[in-house]
Amino acid sequence: MSGYLKEINKKEALKYLGYRGGEVEDKILRDIDQCSEIIIKNALPKVIYRVFDIESDLSFSGTNFSPKGNDIAEMLKDCGRAIIMAATIGGEIDGIIRRREVDDMYLALMLDSCASCAIENVCDNFQNELEERLFNENLYLTDRFSPGYGDMPFEQQREICEILNTSKTIGVSLNESGIMIPRKSVTAIMGIAQKPQKKRFRGCEYCSMFENCDFRKGGITCGKC
């Protein structure tokens with residue numbers, strides 16, 4: 001299905017660029033606006049998802065998949081069903097960034113930061129739309145939880161892509177290291193419960209990048225926490 005890219009958050013783009021607060025040059029802000037326009041114009045956002053019943057052993061019905069880790073088990077403890085999703089903003093963005101890396105690394109970095117914000121916006125828009133739909137049925141979503149976050153193994157990303165057949169459905173594949181291609185793509189799991197869910201997994205300590213995160217070393221967050 002088509003996804004929706006509504007905006008690129010300028011403050012989030014600045015965080016990806018390494019800004020730690022303080023005054024930002026007007027030129028930087030103009031460049032972010034310019035790069036945001038390029039990303040929005042060339043992005044082809046797509047989202048694929050499937051809904052599964054959760055079995056007593058935390059496996060998803062009709063599959064051999066069972067999310068590993070205590071953190072996601074805690075998140076899903078009130079849930080009878082779960083959603084597996086994947087999203088991308090398309091391969092054209094990767095090409096645009098690569099071409100700029102040849103002759104203008106500054107612009108390439110700007111584009112890369114805006115593209116990172118763009119895929120998060122696509123995921124947020126999908127989740128918000130889904131939450132509204134489920135709320136009308138007296139059902140509630142948990143947070144999004146991606147492989148590599150908390151103690152869920154990054155390697156389970158491959159299982160998710162296989163279940164969703166992402167290479168055919170939205171054009172997302174994995175390289176030998178498990179990195180998604182196009183790079184600005186995301187996989188995630190959300191639970192569906194019959195009562196409101198506390199948004200519990202928001203914090204740097206749950207992130208697999210905790211030890212090496214430049215944002216945390218600078219005293220701020222990446223915006224996902």
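Residues numbered from 1 in each chain as written. Predicted model: local features only at pLDDT ≥ 70, side-chain atom pairs only at ≥ 80, totals over all residues. Heavy atoms only, no water.

J.: Account for the pattern of salt bridges, with residues named and values stated.
T.: Overall, the coordinates contain ten salt bridges when judged by the stated rule. Between E120 and R144 there is a salt bridge, with the nearest N and O atoms lying 3.2 Å from each other. On the criterion of sequence distance, the pair formed by E120 in helix α5 (residues 105-135) and R144 in the loop between β3 (140-141) and α6 (156-164) is long-range, its members being 24 residues apart. The partner of R133 in a salt bridge is E129, with the nearest N and O atoms 3.5 Å apart. Of this pair, R133 and E129 both sit in helix α5, four residues apart, which is roughly one turn of that helix. According to the relative accessible area criterion, E129 is partly exposed, its value standing at 32%. (Salt bridge = Lys/Arg side-chain N within 4 Å of Asp/Glu carboxyl O. Helix = DSSP H or I, 4+ residues; strand = E, 2+ residues; numbered from the N terminus. Buried < 20%, exposed > 50% of the residue type's maximum accessible area, 1.4 Å probe, protein only.)

J.: Can you break down the side chain of N125 residue by residue, with the values?
T.: Structurally, the position occupied by N125 is in helix α5. The residues contacting N125, other than those within four sequence positions of it, are Y4, L5 and K6. (Contact = heavy atoms within 4.5 Å.)

J.: Talk me through helix α4 (residues 91-103); I want residue IDs and the actual numbers.
T.: Among all positions in α4, only I93, D94, G95, I96 and I97 are buried. Buried residues along α4 sit against α2 (26-42) and α5.

J.: Describe the packing of aromatic side chains, listing the residues and the values that go with them.
T.: Inspection of the entire model under this criterion finds five aromatic pairs. Ring geometry for Y49 versus F126: centroids 5.2 Å apart, planes at 50 degrees, classification tilted. One end of the pair, Y49, is in strand β1 (residues 46-53); the other, F126, is in helix α5, with 77 residues separating them in the sequence. Classification of Y49 as partly exposed rests on a relative accessible area of 25%. On the numbers, 5.4 Å between centres and 65 degrees between planes, the contact of F145 with Y149 is edge-to-face. Ring-pair connections join several aromatic residues into one group, and the members of that group are F52, F60 and F65. (Phe/Tyr/Trp six-rings, centres within 6.5 Å; stacked < 30°, edge-to-face > 60°.)

J.: Describe the confidence of the model for the protein, with residues and values.
T.: Averaged over every residue, the pLDDT of the protein is 89; residues scoring 70 or more account for 88%. Between residues 202-206, whose pLDDT stays under 50, and residues either more than four places distant or in other chains, the model counts 17 contacts. Within the model, pLDDT remains below 50 along residues 215-225, and this stretch shows 28 contacts once partners closer than five positions in the same chain are excluded. (pLDDT = per-residue confidence, 0-100.)

J.: Could you give an account of the sheet that holds strand β2 (residues 79-88), naming the residues involved and the relevant values?
T.: What links the strands of a sheet is backbone hydrogen bonding, and the strands pair in either a parallel or an antiparallel sense. Judged by pairing direction, the sheet is antiparallel, and its four strands sit side by side in the order β1-β2-β6-β3 without closing on themselves. Of all strands in the sheet, those with a lone pairing partner are β1 and β3, marking the two edges. Of the pairings in the sheet, the one linking β3 to strand β6 (residues 185-193) comprises two bridges and is antiparallel in character. Pairing of L141 across the sheet is with I192, part of β6. The strands touched by α5 are β1, β2, β3 and β6; relative to β6, the strand with the most contacts, the crossing angle is about 20 degrees. Where α6 meets the sheet, its contacts fall on β1, β2 and β6, and the angle it forms with β2 comes to roughly 90 degrees. (Pairing = 2+ DSSP bridges. Axes fitted to C-alpha atoms, helices over the stretch in contact; angles between N-to-C directions.)

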